Amino acid sequence: MTRAATRLSWLATLLIAAGCATTGSDGNDASSVPTWTTRAIPEARGDIRTLPDGNREALRYPGWPTTDFTRFRTYAYADTRGEVPVKRVTMPAGVTGDPKKGRALFLARAKGPCTGCHLIPGDDVWPAGNVGPDLSTIADRRLSNDYLYQQIYDPRPVFPQTSMPPWGATGAFTPEEIVHVVAFLQTLKGPLPSEKDADRNPATRTKPVGFGDNLDPTNNPAVLLAEGAETQWNAKGPAGKACADCHAGGADAAMKGVAVRYPRFVAQYRRVMGIEDFLTVHGPETTGTAMPSESDANLNLTMLVKMASNGMPVAIDTESPPARAALARGRAAFYRRVGERDHACADCHTPEKGANKFLGGRLLAEVTTGLTRHFPTWRTSQNQVWDMRKRMQWCMTPLGTNMLPADAIEYAELELYLTSFDVGKPMSVPGIRH
Amino acid sequence: MSDIGKVRVRIPSSIKAGDVVRVRTLVLHPMERIERDAQGKIIDKKYNYITKMTVTYLGKTVVSFDTTQSVSENPFFSFAFKATDPGQLKVTFTDTTGGKYEGTADIKFS
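All of the points below concern the structure found in this document. Computed from a predicted structure; not experimentally measured. (Residues numbered from 1 in each chain as written. Chains lettered and ligands numbered in written order. Predicted model: local features only at pLDDT ≥ 70, side-chain atom pairs only at ≥ 80, totals over all residues. Heavy atoms only, no water.)

What follows concerns the overall build of chain B. Counting secondary structure elements, chain B contains zero helices and seven strands. When the helices and strands of chain B are read in sequence order from the N terminus, they spell out β-β-β-β-β-β-β. Computed over C-alpha atoms, the radius of gyration of chain B comes to 16 Å, more than 25% over the 13 Å expected from 2.2 N^0.38 for 110 residues, which places it beyond the range of a compact globule. For chain B, the spread of C-alpha atoms along the principal axes amounts to about 60 × 25 × 20 Å. (Helix = DSSP H or I, 4+ residues; strand = E, 2+ residues; numbered from the N terminus. Rg over C-alpha atoms; globule rule 2.2 N^0.38 Å.)

All names here are of chain B. Strand order in the open sheet formed by four strands is 4-3-6-7, and the pairing between neighbours is antiparallel. Bordering the open sheet on either side are strand 4 (60-66) and strand 7 (100-107), each of which pairs with just one other strand. Looking at each pair of strands side by side, their axes are set apart by 15° on average, direction ignored. As paired elements, strand 3 (residues 50-57) and strand 4 share six bridges and run antiparallel to each other. (Pairing = 2+ DSSP bridges. Axes fitted to C-alpha atoms, helices over the stretch in contact; angles between N-to-C directions.)

All names here are of chain A. Following the criterion strictly, the structure yields 15 aromatic pairs over all chains and no others. Between Tyr417 and Phe421 the ring centres are 5.3 Å apart and the planes differ by 80°, which places this aromatic pair in the edge-to-face class. These aromatic residues form a ring-pair network of at least three members: Tyr61, Trp64, Trp386 and Trp394. We note Lys111 situated over the ring of Phe173; from NZ or CZ to the ring centre the distance is 5.1 Å. Taking NZ or CZ as reference, Arg205 lies 4.5 Å from the ring centre of Phe358, over its face. (Phe/Tyr/Trp six-rings, centres within 6.5 Å; stacked < 30°, edge-to-face > 60°. Lys NZ or Arg CZ within 6 Å of the ring centre and 35° of its normal.)

Residue and element names in this part refer to chain A. In contact at an axis separation of 7 Å, helix 2 (residues 99-107) and helix 4 (residues 175-185) are set at 100° when each is read in the N-to-C sense. With respect to helix 4, the axis of helix 2 lies roughly perpendicular. Mapping the contact onto sequence places Pro99, Lys101, Gly102, Arg103, Leu105 and Phe106 in helix 2 and Glu177, His180, Val181, Ala183, Phe184 and Leu185 in helix 4. (Parallel < 35°, antiparallel > 145°, perpendicular 65-115°, else oblique. Contact = heavy atoms within 4.5 Å.)

With that out of the way, let us pick up unusual backbone geometry. Residue Pro113(A) is bonded to the preceding Gly112(A) through a cis peptide linkage, with omega at -10°. Its location among the elements puts Pro113(A) in the loop between helix 2 and helix 3 (145-153). A cis amide bond links Trp126(A) with the next residue in sequence, Pro127(A), at an omega value of -10°. In this fold, Pro127(A) is placed in the loop between helix 2 and helix 3. One non-glycine residue, Met31(B), lies in the positive phi region at around 45°. The topology assignment puts Met31(B) in the loop between strand 2 (20-27) and strand 3. A residue is classified by how much of its surface remains accessible, and Met31(B), at 3% relative accessible area, is buried. Not every positive phi belongs to a glycine, and Leu58(B) is a case in point at roughly 55°. If you trace the backbone, Leu58(B) turns up in the loop between strand 3 and strand 4. Overall, Leu58(B) belongs to the partly exposed group, its relative accessible area being 40%. (Buried < 20%, exposed > 50% of the residue type's maximum accessible area, 1.4 Å probe, protein only.)

Moving on, we get to the pairing of strand 7 of chain B. The side chains of a regular strand alternate, first on one face of the sheet and then on the other. Residues and elements named next belong to chain B. The two faces of strand 7 differ: Tyr101, Gly103, Ala105 and Ile107 on one face are buried, but Lys100, Glu102, Thr104 and Asp106 on the other face are not. Here eight bridges tie strand 6 (residues 87-95) to strand 7, and the two strands are oriented antiparallel to one another. Bridge pairing in strand 7 places Gln88 opposite Asp106. Adjacent in sequence and paired antiparallel, strand 6 and strand 7 are bridged by four residues, among which Gly98 carries a positive phi angle near 90°.

This part covers helix 9 (residues 296-307) of chain A. All names here are of chain A. With 12 residues, helix 9 extends 16 Å from end C-alpha to end C-alpha; this agrees with the ideal 16 Å at 1.5 Å per step. Among the residues of helix 9, those classed as buried are Asn298, Leu299, Asn300, Leu301, Thr302, Met303, Leu304, Val305, Lys306 and Met307. On its buried face, helix 9 is in contact with helix 5 (221-234), helix 6 (243-246), helix 7 (250-254), helix 8 (275-286) and strand 8 (384-386). (Expected span 1.5 Å × (residues − 1).)

What follows is the structure, encoded as C-alpha cells:
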C-alpha cells in the first residue's frame, strides 16, 4: 500500500468513526468485519419464527425462554440502533400507591426481580443480591417520592453510569406499578430485626467454594465426553480421511499447545475464531465431517483439543493489527449497553460494578481474573457441557436481547477480549462450575 | 465411548498407616439398557452390562458389589477401607459378555 493510500484509509476510518458517533454506536470500525453465515445447530442460531397467531417467538435451546426481544438492540455490529433513550419524568398524580402491591412487584420474578440486586427485610426474600444498594431502610433517608419514581423509571438522568435498568422507559414496569413500588419503599424504616439466617443477607452470605478437581474423571463427567472424542479423532469422515491422518501422533501430542493461541484471527476466513468456530469449517473441509457449532461432535472435539494444552499458559495474539482491531471491538462490546435492561457485560463483571457480588444467589465472576480458560466447562446445574458461546447466549435473555448465532464474529471478538485477561494463566479444560 | 473397560481408581494423595481411605473408581462401560421394539415388547438379546465389581487389597477381597442394568452408563463407585499395610488395591469389573476390567492403585504411606 502506498503512503497516500494508507492516509486515505486512515481518513476513511476516521470518517466512519465520526459517522458512528452520531448514530450512537460504539465508535469502532466494524466495516472490515466480514459477514458470516452461521454454521451452528438450529437452536443455536438465534432465529426468530412467527407463530400461526402472528406472535413472534425466539428459537433457542430446549427449556430456554422463547421471548422475542427484537425491539431492543443486540450485540450485532450491524445493529446501529442506540440504547434506550433517557427519559425524565414526574410521578403521575391521581394514583395512590399500595405498599402491599409494591412489595409483590418488588419480589416478582417475572418483573425484575428487584431483589436480584437489592436487599429488603423479610424471610421470604430469597435469594437477594447486593449488586445494587441495600434498601432495607431506604425510607429513613427521606427521599422524595418524585426522586424514587425517577430512579425506578429511568435512573440515568441522576446516575449516567448506573447498572440499574430504566424500568419505566422500556415499559417493563407501568407508571402505576412504579407508584406502588415507591409507596412500598417509603415504608422501609429501621431499626431492623436481627438476622436469623446469615445466608439471607448477601453481605454475610458464604461464598461458594467450587466442585473439586475438574480434571478428575470420577468428578467431572466432561472429561469422559472429551476422551470419547478420541474415537471421532480416529474415525474416517466422508472424505476418507480422519483427523489422525494429518495430525499424527495422537490428539494429545499433535494438538499440544494449539489451544493456547485461540481465539485468534484466522486470515483465511478474515475473522477471529475460537477452536469451536474453526472446527465448523475445518471439519467439513478436511474429513468431510459436519461439526456445527454447539453440536456434541464439535464440543467434545474442542475439549479434546484443548485438553492437550492443559497446564500451559494462555498465549493469544493481542499485538498483530487484526488482533488489536478485534480486541478493540470486543472491548467495546463488553461495555456496550444492550437489550431491554440496557445492561452491559461490564455492569456485572467488572470490580467497579457487580463483580464478586451476588445477583440473587449467583456470585458474579470478575472479568480480570480470566473467565475463559476452563471452557468448555461442565455445568453441574445443567448436567451439560457448555462452551463460552453458549454461556454468552445464556446471558442474553436476562439482558433482554436476542442472542446471536453461537459462532457469530461478535461473540468471537468478545471472547478474544475476555481471553486477553487469561493470558499467562494455565489452561484447565474441561472446567466444572455450577 | 472409546475404551470400554478403562478403569480409573482415585485415592487421596497422602495416606498414613491406619487411615480410613475413601476410594473413587469409575469404569467406562455402556451398561446397555433393555430395549423395546415398536410394539413395546422387550427385545430378547444378551445385554452387555456389569454384574459384579470386586475390590481386593493385599490379596483379600475387601468389598464386592452385585450390579444390574439399573446402574448408569460409566458407573462410578466410591467406598472406604482401612489402609493397614502398603500394597496394591485392585478393582475388578465383570460384565455379561465375560469381559473383565481391572484397575489398580498402589497404597503407599507418607
